[in-house]
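Fold and geometry: a report
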Amino acid sequence: MNASSKIDKKIADLGDWRGERLAEIRKLIHEAAPEVVEEWKWMRSPVWSHNGILAVASAPRSKVRLTFVYGAKLTDPKGLFNATLDGNKRAIELYQGDKVDSAAFKALVREAAAYNTENADREPVLLSGGNPQIAKGDGDAPVQAYIAAMPGWKSDLGRRLDDLIVRTVPNVRKAVRWNSPFYGIEDKGWLVSYHVFARYVKVTFLNGASLCPLPPGSGKDKDSRWIDIYEGELNEEQMAAWVRQAAALPGWDGF
């Protein structure tokens, strides 16, 4: 299921006024910024990007929230923002019965897209836990941008992980999705990714449940397993063994 179909289903599953409002917002975003990229991301929310993330939607029980990542940088002449979040984030919160000013909303989306385009070369933003915000992209360049932006000792760990994976899987392909580097093999799927948290880097094997020994971390996804690496704790021998095993198995074809 592609991202658009997944978002269609999730909106339909809401089954109440929130679904109708999200569908309206989504339509306006695409009308205002036809080149926008639409994805279903890490926080189980629809995310719209154009040279970086524009906005993220969520639907708590009593409202619909649309968060603009750089909302504080936008003019918002009609005063659509009614919630101030951390950093530059500003949000529009809609309750049942609230109406959307379509013209003002589309103008805000266009301004957000223009801001991202004009500031495409800005230093990467560090999100919650210090994870770099890097635009979706394929190949080595976005991965290296992510590694360079990893804070403190984690950047060196990122370089070591990247070198280790490339040495172990010479035909590896790379991408950044959901602000995380991914490594895989053409026609076999994605094998491993990593993500920065405040005190550690989480390295996830997408087919980790088939590795031996099992990486220690597990969750709702029965196929994936992970290991949290703290400063000075990378076991390169074990990591290379897991990468080698993962490369010999079918990977994840999630995007």
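Heads up: the structure comes first, above all this text.
Below, the structure is looked at part by part. This structure is a prediction, so every number in the text was calculated from the model and none was measured.

Cut-offs applied
Residues numbered from 1 in each chain as written. Predicted model: local features only at pLDDT ≥ 70, side-chain atom pairs only at ≥ 80, totals over all residues. Heavy atoms only, no water. Helix = DSSP H or I, 4+ residues; strand = E, 2+ residues; numbered from the N terminus. Polar contact = N/O pair within 3.5 Å; in protein donor to acceptor, adjacent residues only side chain to side chain. Contact = heavy atoms within 4.5 Å. Buried < 20%, exposed > 50% of the residue type's maximum accessible area, 1.4 Å probe, protein only. Pairing = 2+ DSSP bridges. Phe/Tyr/Trp six-rings, centres within 6.5 Å; stacked < 30°, edge-to-face > 60°. Lys NZ or Arg CZ within 6 Å of the ring centre and 35° of its normal. Core = buried A, V, L, I, M, F, W, Y, C linked by side-chain atoms within 4.5 Å.

Looking at the side chain of Asn 131
Mapped onto the elements of the fold, Asn 131 is located in the loop between helix H3 (102-118) and strand S7 (137-138). Looking at Asn 131, its side chain comes within polar contact range of the main-chain oxygen of Asn 179, at 2.9 Å. Looking at Asn 131, its side chain comes within polar contact range of the side chain of His 195, at 3.4 Å. Apart from the residues lying within four places of it in its own chain, the contact partners of Asn 131 are Val 125, Leu 126, Tyr 146, Asn 179, His 195 and Val 196.

Observations concerning the pairing of strand S8 (residues 173-177)
Burial within S8 is extensive, with 4 of its 5 residues counted as buried. The pairing of S8 with strand S9 (residues 180-185) spans 5 bridges and is classified as antiparallel. When the bridges of S9 are listed, Lys 174 appears paired with Tyr 183. From the end of S8 to the start of S9, which pair antiparallel, there are 2 residues, and Trp 178 there has a positive phi angle of about 50 degrees.

A closer look at the packing of aromatic side chains
Inspection of every chain in the model, using the stated rule, returns 12 aromatic pairs. On the basis of an interplanar angle of 85 degrees and a centroid distance of 6.4 Å, the ring pair of Phe 182 and Trp 190 is categorised as edge-to-face. Of the residues examined, Phe 182 reaches a relative accessible area of 5% and is grouped as buried. Using a relative accessible area of 2% as the deciding quantity, one classes Trp 190 as buried. One aromatic cluster is present, formed by Trp 178, Phe 182, Trp 190 and Trp 252 through successive ring pairs. It is Lys 202 that lies over the ring of Trp 226; its NZ or CZ is 3.8 Å from the centre.

Focus: the nonpolar core
Among the nonpolar cores identified, the biggest contains 36 residues, and Ile 29, Leu 66, Phe 68, Ile 92 and Phe 105 are the most heavily contacted of them. When contributions to this core are tallied by element, the ones reaching two or more residues are helix H1 (3-14), helix H2 (17-32), strand S2 (46-49), strand S3 (53-58), strand S4 (63-68), strand S6 (90-95) and H3. The leading source of residues in this core is H3, at 7 residues. Counting 30 residues, the second-largest nonpolar core is a separate cluster that includes Tyr 183, Val 192, Phe 205 and Trp 242.

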